[in-house]
Amino acid sequence: MEIIHLSAECYPVAKVGGLGDVVGALPKYQCQAGHYAKVVMPAHSTKFMYENDWQNDYESDIYMGGKHWHYIVLKEKTQKLGFDLYCILIDGLTNRTKVYDHDDTERYLAFQIAALDWMSQWQHAPDVLHCHDHHTALVPFMIQHCRQFRNLSRVKTVFTIHNGQYQGWFSWNNVHNLPAFMDWSAGLLDWGDMINPMSSAVRCADAVTTVSWSYMYELMESAVGLESLFRHEAHKCYGVLNGIDTQVWNPATDKYLAHHYSTADVEAGKAKHKQEVCEIFGLNPTNPLIVFIGRLVGEKGADLLPHAIGRALYETQGRVNYLVLGSGADSVENELSTLKMFSQGVYNCFIGYNEGLSHRLYAAADYILMPSRVEPCGLNQMYALRYGTIPMVRSTGGLKDTVIDYGDSGGYGIRFNQASIEDIVMSTHRALNLYHQVDTFQAIRKHIMEIDNSWESSQNRYMDIYKSL
Ligand code: ADP
Ligand code: GLC
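Definitions and limits used
Residues numbered from 1 in each chain as written. Chains lettered and ligands numbered in written order. Predicted model: local features only at pLDDT ≥ 70, side-chain atom pairs only at ≥ 80, totals over all residues. Heavy atoms only, no water. Pairing = 2+ DSSP bridges. Helix = DSSP H or I, 4+ residues; strand = E, 2+ residues; numbered from the N terminus. Axes fitted to C-alpha atoms, helices over the stretch in contact; angles between N-to-C directions. Domains from an automatic or database assignment. Contact = heavy atoms within 4.5 Å. Buried area = accessible area lost by both parts, 1.4 Å probe. Salt bridge = Lys/Arg side-chain N within 4 Å of Asp/Glu carboxyl O. Polar contact = N/O pair within 3.5 Å; in protein donor to acceptor, adjacent residues only side chain to side chain. Nonpolar A, V, L, I, M, F, W, Y, C, P; charged D, E, K, R; others polar. Near = heavy atom within 4 Å. Areas by Shrake-Rupley, 256 points an atom, 1.4 Å probe, with all protein chains shown as cover. 1 Å grid on protein atoms, 1.4 Å probe; cavity = no way out; pocket = protein on both sides within 12 Å on 5 of 7 lines; lining within 4 Å. Sits in = over half its atoms within 2 Å of the grid points.

A.B. asks: Break down the sheet that holds strand β17 (residues 414-416) for me, with residues and values.
C.D. replies: Strand order in the open sheet formed by six strands is β14-β13-β12-β15-β16-β17, with parallel pairing between adjacent strands. Edge positions in the sheet fall to β14 (347-351) and β17, since each of these pairs with one other strand and no more. Strand-to-strand twist of the sheet, defined as the mean angle between neighbouring strand axes without regard to direction, takes the value 15°. Examined bridge by bridge, strand β12 (residues 289-296) and strand β13 (residues 321-328) share eight bridges and lie parallel to one another.

A.B. asks: Can you lay out the domain arrangement of the chain for me, pointing to particular residues and giving the numbers?
C.D. replies: When the parts come together, some accessible area is lost, and that loss is often what is quoted as the size of the interface. Domain assignment breaks the chain into domain 1 (2-243 + 456-468) and domain 2 (263-449). If you average the C-alpha positions of domain 1 and of domain 2, the two centres end up 33 Å apart. At the interface, 19 residues of domain 1 touch 16 residues of domain 2. Surface buried jointly by domain 1 and domain 2 totals about 1,400 Å² across both partners, of which 54% is contributed by carbon and sulfur atoms. Joining domain 1 to domain 2, the criterion identifies one salt bridge. Here Lys 15 ties to Glu 355 by a salt bridge, and the two come within 3.3 Å at their closest N and O atoms. One can count 10 residue pairs in polar contact (both at pLDDT 80 or more) joining domain 1 with domain 2. Secondary-structure elements contributing two or more residues to the side of domain 1 that touches domain 2 are α1 (18-32) and α6 (213-221). For the side of domain 1 that touches domain 2, the residue count by class is eight nonpolar, eight polar and three charged.

A.B. asks: Explain the site of ligand 1 residue by residue, including any values.
C.D. replies: Surveying the vicinity of ligand 1 reveals 20 residues, the closest of which are Gly 18, Asp 21, Arg 295, Lys 300 and Tyr 362. Contact between ligand 1 and Leu 379: an oxygen atom at 2.9 Å from a main-chain N or O atom of the residue. Protein contact buries 93% of the 570 Å² of open area that ligand 1 shows by itself. Its atoms largely coinciding with the cavity grid, ligand 1 occupies the largest pocket.

Below you can see the structure in the form of structure tokens.
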């Protein structure tokens, strides 16, 4: 089967969050399973683009918004990522260091039109166009309703929602940017008097998936206005839990780790990492180490962290360490930095994005905190499990589907119901308690490292869906 993934991100070419990890891994495992998966993405000006060799595969012009744009399809020469990678360069639109910017409507529309323009020149049609998030959500509509792409009209489309909060809305005043389409189909673009790419993909794609079952149910209840649409299209909506790339995320081989470890020597291995991290960040290595890694935004509950951590440290009388790695809202960044002045020795933060440090923290930590308000899947908790780090998560979306509370049968994590300061503090008490039940704590660590969240298992679900189309 030939599957084309269209996406804004793909690790290690460009990554802002979990979308990058998924699109960097799923095609590799599909190829390993004997399929022919490729990734087509914009040519962002990232380090990866400069450090690798590219061949010019195709070039042409598209017409958008009363203007001609030249595009070049660059192919990475060595199949370095385990699949064919194509980056589309549109001078002035894609070649920026930022993956997301202020004029994304125009940039990603041009990317989608260029990708379809190129594919419609092929001698053959691929089996599946797999579109990820709203940046590629107009593809199903365009191949069915724009004459320009009629060669592709029979290709099956799958639309995967990684984040339903962002739908890519834009005003009908900008409809002239779209390629000409049949008038009668305009209704398929509209939602609430706006052009809504996500709503159009939910209607036009042959199958709609999101990255956990629980999040699919949540979308039917609350989806920034699209909930009735999800209920109406429920017959073609599926939850497919993400996997993790166990070749990248493996404490026994991780290229970012100075000390490798596996289940057999997890205690000694993690102790070395914890010692080092505590030294670097001035923390107390005899305390449990709780980390937060992620975007400092409301969806992740990051605004709760400064007060919740302050109160947890006060109530436990400094018997836990908290360490935060993240970047995002200025107000949260500032509050987290200020907290350092009042909690030296048991709290620190690193404001910024640092891939290598994130790996070291998964290895060093005893617990990872995820108080998310919304979490379609969440990869952090799955990385944490593989590194023997116990997740403390709010019961929502994918967190609910991947973490069982240690108080329940077969459980190994800490779950709480509310994204609130009180629930984070209460979970901190539970984490401290569990840490001192040494035998149970160590048994849980060994157990969680063996849980199979790999793509080897999850990619089959996508194959079943493609085949059913
Ligand atoms: P989301 O995609 O919503 O941000 P996920 O849990 O799916 O959430 O994925 C987040 C990914 O981004 C993980 O690989 C995590 O380690 C990484 N990440 C988030 N923030 C940072 C940061 N500041 N530094 C390094 N890695 C980060
Ligand atoms: C989104 C979601 C996250 C998910 C990731 C990959 O960014 O917020 O929960 O894990 O996509 O699917």
